[in-house]
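Results of the structural survey
These are the residues of each chain, in order.
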Amino acid sequence: MSVIFWVSAIWLSYTLARYTSYISGSLAFSFSFYISFLLIYYVKSKTSVSVTHKEKYINKIDEKLVKEIQEQISVLFETRKIYTNPDLTLSILAKELNIRPQLLSQFINDNLKKSFTQFINEYRIDEAKRLLKENTQFKIDTVGFESGFNSSSTFYSSFKKITGMTPSNYQKDNLYS
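This write-up is about the structure you can find in this document. It should be emphasised that the depicted structure is a prediction, and the values quoted were computed from it without experimental measurement.

**Regarding the packing of helix 4 (residues 90-97) against helix 5 (residues 101-111)**
Helix packing for two helices is described by the angle between their axes and how far apart those axes are. At a minimum axis distance of 8 Å, the contact between helix 4 and helix 5 shows a crossing angle of 105 degrees. Between helix 4 and helix 5, the angle is such that the two are roughly perpendicular. In this structure, helix 4 uses Leu90, Ser91, Leu93, Ala94 and Leu97 to contact helix 5, whose residues at the interface are Pro101, Leu104, Ser105 and Ile108. For the contact of helix 4 with helix 5, the residue count by class is seven nonpolar, two polar and no charged.

**Observations regarding the packing of aromatic side chains**
Any aromatic ring pair is given by two values, namely how distant the centres are and how the planes are angled relative to each other. Applying the stated rule across the entire model yields nine aromatic pairs. Where Phe149 meets Phe155, the ring centres are 5.4 Å apart and the plane angle is 55 degrees; that geometry is what we call tilted. Here Phe149 and Phe155 have matching classes, each one buried. What links up through ring pairs into an aromatic cluster is the set Phe149, Phe155, Tyr156, Phe159 and Tyr170. It is Arg124 that lies over the ring of Phe149; its NZ or CZ is 5.7 Å from the centre.

**Quick word on the packing of helix 6 (residues 116-134) against helix 9 (residues 167-175)**
At a closest axis distance of 9 Å, the pairing of helix 6 and helix 9 adopts a crossing angle of 50 degrees. Classified by the interaxial angle, the pair formed by helix 6 and helix 9 is oblique. In the packing of helix 6 onto helix 9, the handedness of the crossing is right-handed. Along the contact surface, helix 6 presents Lys129, Leu132 and Lys133, while helix 9 presents Pro167, Tyr170, Gln171 and Asn174. The residue makeup of the contact of helix 6 with helix 9, split by class, is three nonpolar, two polar and two charged.

Definitions and cut-offs
Residues numbered from 1 in each chain as written. Predicted model: local features only at pLDDT ≥ 70, side-chain atom pairs only at ≥ 80, totals over all residues. Heavy atoms only, no water. Axes fitted to C-alpha atoms, helices over the stretch in contact; angles between N-to-C directions. Helix = DSSP H or I, 4+ residues; strand = E, 2+ residues; numbered from the N terminus. Parallel < 35°, antiparallel > 145°, perpendicular 65-115°, else oblique. Contact = heavy atoms within 4.5 Å. Nonpolar A, V, L, I, M, F, W, Y, C, P; charged D, E, K, R; others polar. Phe/Tyr/Trp six-rings, centres within 6.5 Å; stacked < 30°, edge-to-face > 60°. Buried < 20%, exposed > 50% of the residue type's maximum accessible area, 1.4 Å probe, protein only. Lys NZ or Arg CZ within 6 Å of the ring centre and 35° of its normal. Left-handed = near helix turned anticlockwise from the far one by under 90°.

Any functional reading would require information that these geometric values do not contain.
Here it is as structure tokens:
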């Protein structure tokens, strides 16, 4: 719309003025083009800022459902130790709990304030700590695989991140206690 307005203004200036320089026409067009470009950029940047403040989840999970999900996870993790499955995904866990993956993701993010990976890794590290205390004959890599990790490097980095020490240091500290 602004381009049509400025082109019309330039055309009028050429037809109504007695002496018109070609330079003034190109300057007027350039000015109108840059003003139009800046207006469009300003409007787009203003709308993109409002989009970034969007809530991740529209509806909150009610307290009754939160407790049910917590109980189901506790029972599933204690009885079957499903977290030791190295191929465990959010979808697989949701299927085991008989809930939608989106609901499980929302539960973990909003109520536990964690990501799915962090949530599962904490259980795996607890299992690894138990194995390191009880089975001193296991190699540390074996403990990682038994706990559900796919690789030694992931096990070592997750263990250190959660406990603040390496698995071997943890095992040494707990040998004598």
